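Descriptive analysis of the structure
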Amino acid sequence: MPFSIVRNDIAHVRADVLVNAANERLMAGGGVCGAIFDGAGRSEMAAACAQIGRCPTGSAVVTPGFGLPCRWVVHAVGPIWRGGARGERGLLQSCYRSVFAEVARLGASSVAFPLISAGIFGYPVREALDVARAEATAFLDHHPDVEVTLVVFTRDVVAQGVALMGELCEYVDDAYVDQSPHLRDRGAELRELCASEARPVAAAPRRSAPVAAYGGVRAPDELAERLAHLDASFSETLLALIDERGLTDAQVYRRANLSRQLFSKIRSKSDYRPSKPTALALALALSLTLSQTQELLARVGLTLSHSSKFDVIVEFYLARGVHDVMTVNEALFAFDQPLLGSH
């Protein structure tokens, strides 16, 4: 998928570019920096960095990957947290922009990066994750075919930055009944939580079919009423919804964290059957309600169920009108669940 999160030692991740959370002197350190130097070969990486000299905070420089499973290492110097009033956010933004500028200049097809400055530099995790998410999104808007991966050592790092985490934990807990002999606080039984009577999602014929128009644009209520009685496929329904909302294909697959190649398959095959993570990513990209999402899933025989933690988490955000795929994926990652988007 274009953007993903993995738990790993970054020195073991395969990508064209690995990002090192460096210091201004470009010297070996601990944490991510130590892992990068060890993986590359300390003497080789130290010599390459010594040849460059220094790198100011907010900037990035490039060396070969040497023994690492990458072609290049981009050494990025993030700011030390000093309370937030000394331009730390702007420097961290500049740091990520410098990284992604190097990725584009190198013509790399994939990049893996740590949560810069959130380690020994003390940048608050929630704020650091917010900057990383925003800058990765901005980069992918212009380079949608590059695979971008955030690498963390532990899931709790991401959990600290998850939106509505407290409410989400309560919601997940409430979705399980205490009947399991193995998990005292969670069972497998379904409990009804959120009854919704929102109107169903529109189902539609192919885009080429003639439709009524109002002022040159389909009237959404009329479209939904007319098409709700048709037995349309997932792809046909999806294309009608894109037209109804006045979106472009590119806007939808980028919002959904899908590759252009996968979306092309969905668009060209009326009988395409997406995986649940792909279907839900598209529902979020189209800002569907919970009820509308269930209708869209039904086109391929899928549903959201309280017997699945993955489903409960996605339902939680849909019920609250949160449609940002990256936000939902951070929560899914924190709970060790599959991410939304293409795989």
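Predicted model only: the values in this text are computed from it and were never measured. (Residues numbered from 1 in each chain as written. Predicted model: local features only at pLDDT ≥ 70, side-chain atom pairs only at ≥ 80, totals over all residues. Heavy atoms only, no water.)

1. Things to note about the overall build of the protein
Scanning the protein for helices and strands turns up 14 helices and six strands. Taken over 343 residues, the protein has a buried fraction of 49%. (Helix = DSSP H or I, 4+ residues; strand = E, 2+ residues; numbered from the N terminus. Buried < 20%, exposed > 50% of the residue type's maximum accessible area, 1.4 Å probe, protein only.)

2. Some thoughts on the pattern of salt bridges
This structure, assessed with the given rule, holds 13 salt bridges. Between Glu 330 and Arg 133 there is a salt bridge; the shortest N-O distance is 2.7 Å. Residue Glu 330 is located in helix α14 (residues 325-334), and its partner Arg 133 is located in helix α4 (residues 125-142); the two are separated by 197 residues in the primary sequence. Residue classification places Arg 133 among the buried residues on the basis of a relative accessible area of 17%. The network of salt bridges with shared partners includes Arg 89, Asp 130, Arg 133 and Glu 330. (Salt bridge = Lys/Arg side-chain N within 4 Å of Asp/Glu carboxyl O.)

3. Some details on helix α13 (residues 309-319)
The buried count for α13 comes to nine of eleven residues, which makes it a mostly enclosed element. Where α13 is concerned, the buried positions are Phe 310, Asp 311, Val 312, Ile 313, Val 314, Glu 315, Phe 316, Tyr 317 and Leu 318. Against the buried residues of α13 lie α6 (165-174), α11 (276-285), α12 (290-298) and α14. Among the residues trailing α13, Gly 321 stands out with phi positive, at a value near 70 degrees. (Contact = heavy atoms within 4.5 Å.)

4. Concerning the state of the cysteines
Applying the stated criterion across every chain yields a total of zero disulfides. Left without a disulfide partner, Cys 33 is nearest to the cysteine sulfur of Cys 49, which lies 7.7 Å away. Here Cys 95 stays unpaired: no disulfide links it, and the sulfur of Cys 55, its closest cysteine neighbor, is 7.8 Å away. Judged by its relative accessible area of 0%, Cys 95 falls in the buried class. (Disulfide = S-S within 2.5 Å.)

5. What about the pairing of strand β4 (residues 72-77)?
Counting buried positions along β4 gives six out of six residues, so the element sits mostly inside the fold. Burial along β4 is two-sided: the residues Trp 72, Val 74 and Ala 76 and Val 73, His 75 and Val 77 are all buried. For strand β2 (residues 17-22) and β4, the ladder comprises six bridges, and the chain directions are parallel. Following the sheet pairing, Asn 20 is matched in β4 by His 75. Bridging between strand β3 (residues 60-64) and β4 involves five bridges; their strand directions are antiparallel. Residue pairing in the sheet places Ala 60 in a bridge with Ala 76 of β4. (Pairing = 2+ DSSP bridges.)

6. A look at the sheet that holds strand β1 (residues 3-7)
Reading across from one edge, β1-β6-β5-β2-β4-β3 is the order of the six strands in this open sheet, with mixed pairing throughout. Since the sheet does not close on itself, it has two edges, and those belong to β1 and β3, each with one partner. Ignoring strand direction, the axes of neighbouring strands in this sheet form an average angle of 25 degrees. In the sheet, β1 pairs with strand β6 (residues 147-152) via five bridges, with the strands oriented parallel. By the bridge assignment, Arg 7 is partnered in β6 with Val 152. Where helix α2 (residues 42-52) meets the sheet, it contacts β3 and β4, and its direction lies at approximately 140 degrees from that of β3. Most of the contacts of α14 go to β1, to which it runs at about 15 degrees, and overall it touches β1 and β6. (Axes fitted to C-alpha atoms, helices over the stretch in contact; angles between N-to-C directions.)

7. Considering unusual backbone geometry
One non-glycine residue, Leu 26, adopts positive backbone phi at about 55 degrees. Checked against the element boundaries, Leu 26 lands in the loop between β2 and α1 (31-40). The backbone phi angle of Ser 117 is positive, close to 75 degrees, even though this residue is not glycine. Within the secondary structure layout, Ser 117 lies in the loop between β5 (110-113) and α4.

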